[in-house]
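Structure assessment
So the chains spell out like this:
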Amino acid sequence: MARDDVRSDGPGAGMFIAFILECVALMMICVVLWEIYAKISAPAEQALEVQASVTSSIPNGLNNAGYIGINDAQATSELYQSDDIDNSPYAACDGYTESSWQEGTEGEGYGERIEFYFDESNVRYVKLALGNWRSENRYYANNRPKTMTVDVGGNSYKLDFEDEMELQYIVFSEPIKASDIQFTIDDIYLGQTHDCCISEITIYEG
Ligand SMILES: [Ca+2]
């Protein structure tokens, strides 16, 4: 009887091992299929994201793009001067490069932010005159934004800018629906006055 029991257990144990091996093989197939699916789907998701780039050349299409009127401008700080010069955030959207927003912190201006509010628009281009453009001496005497984080329509971009008294442009690969935009100063080209300036920011629909 004992010998028969041993014989009858043999096929059962084998089937159990085969079942386990089948399960392992099935799991491995699932893992491989998931990896293939992830590889196929990832580039498609990235392609849907709107890209942002910075250029010193006038972007193609800017001439046909509509200028977005600013309803309100705010900043985390502004420099108050005794000579009555307007350094408020409005000075960065008044159409004059001679005037500029100047942050008013004790430090160099790291982390300071300027914000613009407008009727809902499809934001496509941003034209920037970074630094104090009242004169070339003032440009190099004051701090200039080197890196800024731009937040618009739920997208966030950390962008680098050249240290030049020339217009620079942000170009979005697709229009971004938004009613406000924020610029946060992450890094700075240092002058001597410890005040970081932005002369003009113009936003365009396209
Ligand atoms: Ca201005």
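Predicted, not measured: the structure shown is a model, and the values here were computed from it. (Residues numbered from 1 in each chain as written. Predicted model: local features only at pLDDT ≥ 70, side-chain atom pairs only at ≥ 80, totals over all residues. Heavy atoms only, no water.)

On to the state of the cysteines, then. In total, this model carries zero disulfides according to the counting rule given. Unpaired in this structure, C197 has its nearest cysteine sulfur neighbour in C196, at a distance of 6.5 Å. (Disulfide = S-S within 2.5 Å.)

Around the calcium ion, the protein contributes the donor atoms A91 (O), D94 (OD), Y96 (O), S99 (O), S99 (OG), S199 (O) and E200 (OE), which lie 2.1 to 2.6 Å from the metal centre. Of note, the calcium ion draws all its donor residues from one chain, in the sequence arrangement A-x2-D-x1-Y-x2-S-x99-S-E. D94 gets classed as partly exposed once you look at its relative accessible area, which sits at 33%. (Donors = N, O, S within 2.8 Å, 3.2 Å for Na, K, Ca; no water. Buried < 20%, exposed > 50% of the residue type's maximum accessible area, 1.4 Å probe, protein only.)

Between side chains of opposite charge, a pair can form as their charged atoms come close. Summed over all chains, the structure comprises two salt bridges. Close ionic contact of R113 with E115 constitutes a salt bridge, the shortest N to O distance being 2.8 Å. By relative accessible area, E115 is classed as buried at 11%. Measuring nitrogen to oxygen at the nearest pair gives 2.8 Å for the salt bridge that ties D163 to R144. (Salt bridge = Lys/Arg side-chain N within 4 Å of Asp/Glu carboxyl O.)

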